[in-house]
Amino acid sequence: RGEPVDPALAPDVRAVLAQLAPEQRAILVLRDLEGLIEDEAAAQLGVAKGTVKSRLFRAREAFAKRWSS
């Protein structure tokens, strides 16, 4: 986050995202790729802000684990 992403990594990022649960993938895309704030992501997903926070935490952990494998 905050740094430009190498476009050559896009296929690898998509492959890792595809391995995640749909809820994890959705929150990562909304927050980290589309740049929505927590309130916006919560409204988009129809969940509470706290749910967004917990899903985002778990999704980032799952992504990082798969990325480093």
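Residues numbered from 1 in each chain as written. Predicted model: local features only at pLDDT ≥ 70, side-chain atom pairs only at ≥ 80, totals over all residues. Heavy atoms only, no water.

Asker: Go over the packing of aromatic side chains with me, naming the residues and quoting the values.
Answerer: Tallied over the entire structure, the rule returns 1 aromatic pair. Centre to centre, the rings of F63 and W67 are 5.7 Å apart; their planes meet at 15°, and the pair counts as stacked. You can see F63 and its partner W67 sitting in helix α4 (residues 49–67), 4 residues apart, about one turn around the helix. Judged by its relative accessible area of 19%, F63 is buried. (Phe/Tyr/Trp six-rings, centres within 6.5 Å; stacked < 30°, edge-to-face > 60°. Helix = DSSP H or I, 4+ residues; strand = E, 2+ residues; numbered from the N terminus. Buried < 20%, exposed > 50% of the residue type's maximum accessible area, 1.4 Å probe, protein only.)

Asker: Tell me what's going on with the environment of A62, and back it up with residues and numbers.
Answerer: Structurally, A62 is set in helix α4. In this structure, the C-alpha to C-alpha distance between A62 and R14, residues 48 residues apart in sequence, is 14 Å. Beyond its immediate chain neighbours, meaning those up to four positions away, A62 contacts L20 and Q24. (Contact = heavy atoms within 4.5 Å.)

Asker: Can you break down α4 residue by residue, with the values?
Answerer: For α4, built from 19 residues, the straight-helix expectation of 27 Å at 1.5 Å per residue is met to within 8% by its first-to-last C-alpha distance of 26 Å. Those residues of α4 that fall on the buried side of the exposure criterion are V52, L56, A59, A62 and F63. Considered in projection along α4, the buried side chains sweep an arc of 140° and stay on one side of the axis. Opposite its buried face, α4 presents the exposed residues F57 and K65, each directed more than 90 degrees away. Contact partners of the buried residues in α4: α1 (10–19), α2 (22–33) and α3 (38–45). (Expected span 1.5 Å × (residues − 1). Arc of directions from axis to C-beta.)

Asker: Give me a nonpolar patch on the surface: which residues, what numbers.
Answerer: There is a patch of nonpolar side chains on the surface, built from V5, L9 and W67 and spanning about 280 Å² of accessible area. Along the chain, the position of L9 falls in the segment before α1. (Patch = residues over 30% accessible without salt bridge, like charges linked within 9 Å, V, L, I, M, F, W, Y side chains within 5 Å. Areas by Shrake-Rupley, 256 points an atom, 1.4 Å probe, with all protein chains shown as cover. Salt bridge = Lys/Arg side-chain N within 4 Å of Asp/Glu carboxyl O.)

Asker: Quick one: what's the story with the pattern of salt bridges, residue by residue and with numbers?
Answerer: All chains considered together, the criterion is met by 2 salt bridges. Ionic pairing is found between R60 and D32, a salt bridge with its closest N-O pair at 2.6 Å. With R60 in helix α4 and D32 in helix α2, the pair connects residues that are 28 residues apart, well separated along the chain. Given the relative accessible area of 27%, D32 is considered partly exposed.

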